[in-house]
Amino acid sequence: MLTGHHLIAGDWVAGETTFRTSPAHGEARDFSVGTPAHVDAAVRAAEEAFWSYSALTREERALFLERIADEIEARGTEITAIGTEETGLPTARLEGERGRTTGQLRLFADHIRKGDYLDRRHDAALPDRKPLPRPDIRMIQRPIGPVAVFGASNFPLAFSTAGGDTASALAAGCPVVVKGHSAHPGTAEIVAQAISTAITALGLHPGVFSLIQGGRRDVGEALVRHPLIRAVGFTGSLAGGRALFDLCTARPDPIPFFGELGSVNPMFLLPAALAARGEAIAQGWAGSLTMGAGQFCTNPGIAVMIDGPDADAFATAAKAALEPMDAQTMLTDGIAQAYRDGRDRVAAATGVQALLTSVCDLRNATPYLFEVSGDDWLADHVLAEEVFGPLGLIVRVRDEGQIEEMARSLQGQLTATLHLDEADHALGQRLMPVLERKAGRVLANGFPTGVEVCDAMVHGGPYPASTNFGATSVGTMAIRRWLRPVSYQNLPEALLPADIRQG
């Protein structure tokens, strides 16, 4: 059953005011509006919890993560029911995302059991070294303290209450305060209930996790400015993320802001591949472009190819694949309006031609397809900005040299894709040094929509794809965001962290 309240250090706390949800279907519900006072209470409890939670063994933290996964699965039917109402996402998508969420929790449990993430190092003392002896020095990664996490609009489970940021921070030994997204507060509350049950069952300090619902800008600002918060995880828009990033850096004690802010995820169709299988690539692109109404941060919005008959055939095939696709429900009214605004921005740019137009209103999204020359694309940075939804832009370049010029002009991306055959390898080799500087993940002959949760995954990239190019929000390396190295010189064994003691 839903309370409509915040979870703060084990207690369900009401607010003085409420907000009403705007579900895709089903009944609207009232939830408490968060305040800076709620933030302060939650963060202070998290700081208090840090001392005992960070001291738990890796096995104890692993069991906690696994218990959260079990409790989420036990509430699977409830989560799917309210999640489909709030977001309009289909049942299969939400069930798959729930599996990804619990899988992430169990993956981090296994990861911390292995202990490799600790990066333990030991330089033994050399008392007889000349001209000076060397002390005994050991190093290990240690948790940084309470972490703030902002729930994402497009992933009500995998990037929200118990999503990758929360799972990796808890694995690292850091308590978490989540600012829930107002698009799916019911889903957030049920997941928070699962976490709370796990905390109680294992006898952990209740401040290890809190959820603050709703709230206006002042709540987010209070969270990132709170002196006890040590880092922030965020998935969302460039404008919102940049505002929070600036607040983090403007603090008297600046803290890291790990923001995943979006990307156009360009695809480069090299000549031999385009000639041999352009139609098949176009059909695959249409499916990737419209998956989940295009509401994925890895949505491949731009396809780059050399102008000519093969490009004509690709455009025809892409239009034919997109044309019969039905309208899909977007996550919120605001996202639907932003999609229409993005469509209009692209359509109004110099040199852009519409290949497929449609009518979408209210909360619906239908696909759009446009094309533009490489010269016009390079002259207008607006065309390189993300449109969050099922809109595709074909860029027809003059030659291989302009493909390279486009690649060099790109801002930071989450992904970049090469469609190539063996005859394209020479051009691919020229592009690779550029693309690996521009993107966190480079793909060949595939589509970037969907992010595998595994050890080798990087979901991040140079700004504006993310605010910290050395980090990832997906995969086990995500734990590094919430750790810092500490060296211990000549300390007695009894004073060292258990994970670095000899024997």
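Source: prediction; values computed, not measured.

Chemist: For the packing of helix H2 (residues 58-74) against helix H6 (residues 185-202), give the residues involved together with the corresponding values.
Modeler: Packing of H2 against H6 leaves a shortest axis separation of 8 Å and a crossing angle of 135°. Taken as axis vectors, H2 and H6 run oblique relative to one another. Considering only the axes of H2 and H6, their crossing is right-handed. For the pair H2 and H6, the contacting residues are Leu63, Phe64, Arg67, Ile68, Glu71 and Ile72 in the first and Val191, Ala194, Ile195, Thr197, Ala198, Ile199, Ala201 and Leu202 in the second. Split by residue class, the contact of H2 with H6 holds 11 nonpolar, 1 polar and 2 charged.

Chemist: Describe unusual backbone geometry, and please don't skip the residues or the numbers.
Modeler: Residue Lys130 is joined to Pro131 through a cis peptide bond whose omega torsion reads 5°. You can see Pro131 is positioned in the loop between strand E5 (121-123) and strand E6 (137-143). Across the junction of Tyr463 and Pro464, the peptide omega takes the value 10°, indicating a cis bond. Structurally, the position occupied by Pro464 is in the loop between strand E20 (439-444) and strand E21 (483-489). Phi at Asp119 is positive, roughly 50°, even though this residue is not glycine. By the element assignment, Asp119 lies in the loop between helix H4 (91-114) and E5.

Chemist: Tell me what's going on with the environment of Ile140, and back it up with residues and numbers.
Modeler: Within the element layout of this structure, Ile140 appears in strand E6. On a C-alpha basis, the gap between Ile140 and Thr467 in space is 25 Å, while along the polypeptide they are 327 residues apart. Leaving out residues up to four positions away in the same chain, Ile140 has contacts with Leu118, Arg120, Arg484, Pro485, Val486, Tyr488, Pro497, Asp499 and Ile500.

Chemist: Account for the layout of surface pockets, with residues named and values stated.
Modeler: To find leftover empty space, a probe the size of one water molecule is rolled over the atoms. Approximately 1400 Å³ is the volume attributed to the largest pocket. In terms of lining residues, the largest pocket is bounded by 45 residues, among which Gly236, Ser237, Leu238, Ala239 and Gly240 are the most central. The leading source of residues in the lining of the largest pocket is helix H8 (residues 238-250), at 6 residues. In terms of residue class, the lining of the largest pocket is built from 17 nonpolar, 20 polar and 8 charged. Within this model, the second largest pocket holds a volume of roughly 440 Å³. Ser54, Ala55, Arg142, Pro143 and Pro497 are the residues nearest the centre of the second largest pocket, which is lined by 24 residues in total. Elements represented by at least two residues in the lining of the second largest pocket include exactly helix H1 (36-53), H2, E6 and E21. By residue number, the principal contributor to the lining of the second largest pocket is E21, which donates 4 residues.

Chemist: For the pattern of salt bridges, give the residues involved together with the corresponding values.
Modeler: Think of it this way: side chains of opposite charge can pair up when their charged atoms draw near. In total, this model carries 30 salt bridges according to the counting rule given. The residue Arg75 makes a salt bridge to Glu71 at a minimum N-O spacing of 2.8 Å. Looking at Arg75, the relative accessible area reads 14%, which means it is buried. For Glu385, the salt bridge goes to Arg345, with nearest N and O atoms at 3.7 Å. Residue Glu385 is located in the loop between helix H12 (374-379) and strand E18 (391-397), and its partner Arg345 is located in helix H11 (residues 333-347); the two are separated by 40 residues in the primary sequence. Classification of Arg345 by relative accessible area gives partly exposed; the value is 28%. Each of Glu59, Glu66, Asp110 and Arg113 takes part in a single network of salt bridges with overlapping partners.

Chemist: Give a detailed account of the side chain of Arg396, specifying residues and quantitative values.
Modeler: With respect to the element layout, Arg396 can be found in strand E18. There is a polar contact of 2.6 Å between the side chain of Arg396 and the side chain of Asp307. At 2.8 Å, the side chain of Arg396 forms a polar contact with the side chain of Asp312. In contact with Arg396, other than residues within four places in its own chain, are Met305, Asp307, Gly308, Ala311, Asp312, Ala315, Glu371, Val372, Ser373 and Gly374.

Chemist: Before we move on, could you go through the side chain of Gln413 and cite the residues and values that matter?
Modeler: Within the element layout of this structure, Gln413 appears in strand E19 (residues 413-419). Within the structure, Gln413 has its side chain in polar contact with the side chain of Ser263 (distance 2.6 Å). Residues in contact with Gln413, not counting those within four places in the same chain, are Ser263, Val264, Asn265, Pro266, Lys438, Ala439, Gly440, Gly460, Gly461, Pro462 and Ala465.

Chemist: Mind laying out H6, listing which residues take part and the relevant values?
Modeler: For an α-helix the count is 3.6 residues per turn, leaving residues at separations of three or four pointing the same way. Between its terminal C-alpha atoms H6 stretches 26 Å, which fits the 26 Å expected from 18 residues at 1.5 Å a residue. Counting buried residues in H6 gives 14 out of 18 residues, a clear majority hidden from the surface. Phi turns positive, to about 70°, at Gly203, one or two residues after H6.

Chemist: So what about the sheet that holds E5? Which residues, and what values?
Modeler: Taken in spatial order, the 3 strands make up an open sheet running E5-E6-E21, and their pairing is antiparallel. What marks the edges here is a single partner per strand, and that holds for E5 and E21. Averaged over neighbouring strand pairs, the angle between their axes works out to 25° when direction is ignored. Relative to E6, E5 runs antiparallel, the two sharing 3 bridges. Bridging across to E6, Asp123 finds its partner in Ile137.

Chemist: Outline empty space enclosed by the protein, listing residues and values.
Modeler: Summed over the entire model, instances satisfying the criterion amount to 3 cavities of 30 Å³ or more. In this structure, the largest cavity occupies an estimated 130 Å³ of space. Looking at the largest cavity, it is lined by 13 residues, and the ones nearest its centre are Val264, Gly301, Glu385, Val387 and Leu391. Taken together, the residues of the lining of the largest cavity sort by class into 8 nonpolar, 3 polar and 2 charged. Counted as a void, the second largest cavity has a volume near 90 Å³. The wall of the second largest cavity is formed by 14 residues, among which Phe258, Gly259, Glu260, Ser466 and Ser473 lie closest to the centre. Within the residue set of the lining of the second largest cavity, elements represented by two or more residues are strand E10 (231-235) and strand E11 (257-260). Residue contributions to the lining of the second largest cavity peak at 3 residues, all from E11. Tallied by class, the residues present in the lining of the second largest cavity amount to 3 nonpolar, 8 polar and 3 charged.

Calculation criteria
Residues numbered from 1 in each chain as written. Predicted model: local features only at pLDDT ≥ 70, side-chain atom pairs only at ≥ 80, totals over all residues. Heavy atoms only, no water. Axes fitted to C-alpha atoms, helices over the stretch in contact; angles between N-to-C directions. Helix = DSSP H or I, 4+ residues; strand = E, 2+ residues; numbered from the N terminus. Parallel < 35°, antiparallel > 145°, perpendicular 65-115°, else oblique. Left-handed = near helix turned anticlockwise from the far one by under 90°. Contact = heavy atoms within 4.5 Å. Nonpolar A, V, L, I, M, F, W, Y, C, P; charged D, E, K, R; others polar. 1 Å grid on protein atoms, 1.4 Å probe; cavity = no way out; pocket = protein on both sides within 12 Å on 5 of 7 lines; lining within 4 Å. Points joined across faces, edges and corners; volume = space filled by probe spheres on them. Salt bridge = Lys/Arg side-chain N within 4 Å of Asp/Glu carboxyl O. Buried < 20%, exposed > 50% of the residue type's maximum accessible area, 1.4 Å probe, protein only. Polar contact = N/O pair within 3.5 Å; in protein donor to acceptor, adjacent residues only side chain to side chain. Expected span 1.5 Å × (residues − 1). Pairing = 2+ DSSP bridges.

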